[in-house]
Amino acid sequence: MAYTYDPQNIFARILRGEIPNNTVLETEHTLAFHDIGPQAPIHVLVIPKGAYVNFDHFATGASAEEIADFTRAAAEVCRIVGATPGEGGGGYRTISNAGEAGVQEVPHYHLHILGGRVLGRMLQRID
Ligand code: AMP
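In this text the structure is predicted, and so the values were computed from the model without any measurement. (Residues numbered from 1 in each chain as written. Predicted model: local features only at pLDDT ≥ 70, side-chain atom pairs only at ≥ 80, totals over all residues. Heavy atoms only, no water.)

Remarks on the pattern of salt bridges
Then, number 1: Considering all chains together, one arrives at 4 salt bridges under this definition.
Then, number 2: The partner of Glu 18 in a salt bridge is Arg 13, with the nearest N and O atoms 3.2 Å apart.
Then, number 3: Linking Glu 18 and Arg 16 is a salt bridge whose minimum nitrogen-to-oxygen distance equals 2.7 Å.
Then, number 4: Sharing partners across several salt bridges, the network here consists of Arg 13, Arg 16 and Glu 18. (Salt bridge = Lys/Arg side-chain N within 4 Å of Asp/Glu carboxyl O.)

The following block contains the structure:
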């Protein structure tokens, strides 16, 4: 599968330091920052530093080190923002949108971490 990565997308510009961000956590391969338009009291985006378009690109193209770093960083973000169940947090939801059906706006792989309130059902019927 061939993926086309747009190096001018907004998250690529954040990674190059061209646009500021409100960082929650930075590791060797991963950056996490607050979403600029939060849809819940907790809304953090976790992105790999590598040039991956979406989840399946990352899952098939990234190294084991990148994937482990990303996954562990996302869990650490849940702890940092106080959302981890069993550690006094109220829980969270992770979402990753891809492509047209997923209504992905920014074409750099990102994981949304949402929490801080009861989020309701996973999907709403729109038909
Ligand atoms: P998606 O629809 O899954 O591609 O989500 C893109 C997300 O990026 C949205 O929730 C936006 O609010 C968020 N976003 C766009 N620009 C920025 C930015 N400069 N800093 C932080 N979050 C952003």
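As for the sheet that holds strand β1 (residues 23–26)
Then, number 1: As summarised here, the arrangement of the 5 strands in space is β1-β2-β3-β5-β4, forming an open sheet in which the pairing is antiparallel. The open sheet is flanked by β1 and β4 (92–95), the only strands paired with a single partner. For this sheet, the mean angle separating the axes of adjacent strands, direction not counted, is 20°.
Then, number 2: Pairing between β4 and strand β5 (residues 111–115): 4 bridges, direction antiparallel. Directly across from Ile 95, in β5, lies its bridge partner His 112. (Pairing = 2+ DSSP bridges. Helix = DSSP H or I, 4+ residues; strand = E, 2+ residues; numbered from the N terminus. Axes fitted to C-alpha atoms, helices over the stretch in contact; angles between N-to-C directions.)

Side note on the UniProt feature "domain: HIT" (unreviewed entry) in the chain
Then, number 1: If you check UniProt for "domain: HIT" (unreviewed entry), the listed places come out as residues 10–124 in our numbering.
Then, number 2: When the span residues 10–124 is considered, its composition is 26% helix and 22% strand, and the gap between its end C-alpha atoms is 28 Å. (UniProt positions renumbered as here; feature names shortened; annotations may be inferred.)

A word on the site of the ligand
Then, number 1: Taken together, 15 residues surround the ligand, and among them Asp 35, Asn 97, Glu 105, His 110 and His 112 come closest.
Then, number 2: Glu 105 is positioned with one of its backbone polar atoms (N or O) 2.7 Å from an oxygen atom of the ligand.
Then, number 3: Within the backbone of Val 106, one N or O atom sits 2.9 Å away from an oxygen atom of the ligand.
Then, number 4: Among the secondary structure elements, those contributing two or more residues to the shell around the ligand are α1 (10–15) and β2 (30–34).
Then, number 5: Each residue belonging to the shell around the ligand can be placed in one class, and the counts come to 7 nonpolar, 6 polar and 2 charged. (Near = heavy atom within 4 Å. Polar contact = N/O pair within 3.5 Å; in protein donor to acceptor, adjacent residues only side chain to side chain. Nonpolar A, V, L, I, M, F, W, Y, C, P; charged D, E, K, R; others polar.)

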